[in-house]
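Report on the structure
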Amino acid sequence: VQLQAYGGGLVQPGGSLRLSCAASGSRRSFDDMAWYRQAPGKQRELVASITRGGQTNYEDSVKGRFTISRDNARNQLFLRMRLLKPEDTAVYYCNAVRVVLALVENYWGQGTLVTVSS
């Protein structure tokens, strides 16, 4: 299974971006999916997560600005980012987890860089 994240880029403060993550190599869907980010010199942190049933959770600093969603049929994950701030600058990683025959499978995408700067 491979996760491919894309959609990052350079955006001005207050702007918007939409990140996408596509899974390939398996038609079996995932249980939990999430976006993480890692800024220079900082640890990777959870940005937002979504369960198979659509329940979402957000890190406090992105609540009201970011929206996570998924397409279970296509095994795709999305992150809509609005009102971006310079402190949102980071490499964003998609993550997907599923339990198969009692074994936990945990997959990571390669990351896509988001730079918020004027």
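Up top you'll find the structure we're talking about.
Heads up: these notes are all about the structure in this document. (Residues numbered from 1 in each chain as written. Predicted model: local features only at pLDDT ≥ 70, side-chain atom pairs only at ≥ 80, totals over all residues. Heavy atoms only, no water.)

The subject of this paragraph is the state of the cysteines. This model, assessed by the stated rule, comprises 1 disulfide. The disulfide bridge from Cys21 ends at Cys94, spanning 2.1 Å between sulfur atoms. In this structure, the disulfide formed by Cys21 and Cys94 twists by about 60 degrees around the S-S bond and is classed as right-handed. Taken as a pair, Cys21 in strand 3 (residues 17-24) and Cys94 in strand 9 (residues 90-100) lie far apart in primary sequence, 73 residues in all. Accessibility expressed as a relative area gives 0% for Cys94, which makes it buried. (Disulfide = S-S within 2.5 Å. Helix = DSSP H or I, 4+ residues; strand = E, 2+ residues; numbered from the N terminus. Buried < 20%, exposed > 50% of the residue type's maximum accessible area, 1.4 Å probe, protein only.)

This paragraph deals with the pairing of strand 1 (residues 2-6). Here strand 1 shows one buried face, formed by Leu3 and Ala5, and one open face, formed by Gln2, Gln4 and Tyr6. Note that strand 1 and strand 3 share 5 bridges and pair antiparallel. When the sheet's bridge partners are listed, Tyr6 is paired in strand 3 with Ser20. (Pairing = 2+ DSSP bridges.)

Our focus in this paragraph is the packing of aromatic side chains. Scanning all chains against the criterion turns up 2 aromatic pairs. Note on Phe30 and Tyr107: the rings are 6.1 Å apart at their centroids and 70 degrees apart in plane angle, and the pair reads as edge-to-face. Placement of the pair is Phe30 in the loop between strand 3 and strand 4 (32-38) and Tyr107 in strand 10 (residues 103-108), with a sequence separation of 77 residues. In this structure, Arg44 is placed above the aromatic ring of Tyr93, and the distance from its NZ or CZ to the ring centre is 3.8 Å. We note Arg44 situated over the ring of Trp108; from NZ or CZ to the ring centre the distance is 4.8 Å. (Phe/Tyr/Trp six-rings, centres within 6.5 Å; stacked < 30°, edge-to-face > 60°. Lys NZ or Arg CZ within 6 Å of the ring centre and 35° of its normal.)

What follows covers the side chain of Asp88. Summarising the element assignment, Asp88 is placed in the loop between strand 8 (76-81) and strand 9. Residue classification places Asp88 among the buried residues on the basis of a relative accessible area of 1%. Within the structure, Asp88 has its side chain in polar contact with the side chain of Arg37 (distance 3.0 Å). Within polar-contact distance, the side chain of Asp88 engages the backbone nitrogen of Lys85 at 2.8 Å. Residues in contact with Asp88, not counting those within four places in the same chain, are Arg37, Arg65, Phe66, Leu83, Val114 and Val116. (Polar contact = N/O pair within 3.5 Å; in protein donor to acceptor, adjacent residues only side chain to side chain. Contact = heavy atoms within 4.5 Å.)

Per the counting criterion, the structure on display carries 8 salt bridges. Across the pair Arg74 and Asp71 runs a salt bridge, and its minimum N-O distance is 3.1 Å. Connected through shared salt-bridge partners, Arg37, Glu45, Glu59, Arg65 and Asp88 make up one network. (Salt bridge = Lys/Arg side-chain N within 4 Å of Asp/Glu carboxyl O.)

The biggest cluster of nonpolar side chains holds 29 residues, and the ones touching the most others in it are Trp35, Leu79, Met81 and Tyr92. Broken down by secondary-structure element, the contributors of at least two residues to this core are strand 1, strand 3, strand 4, strand 5 (45-50), strand 7 (66-71), strand 8, strand 9 and strand 11 (112-116). (Core = buried A, V, L, I, M, F, W, Y, C linked by side-chain atoms within 4.5 Å.)

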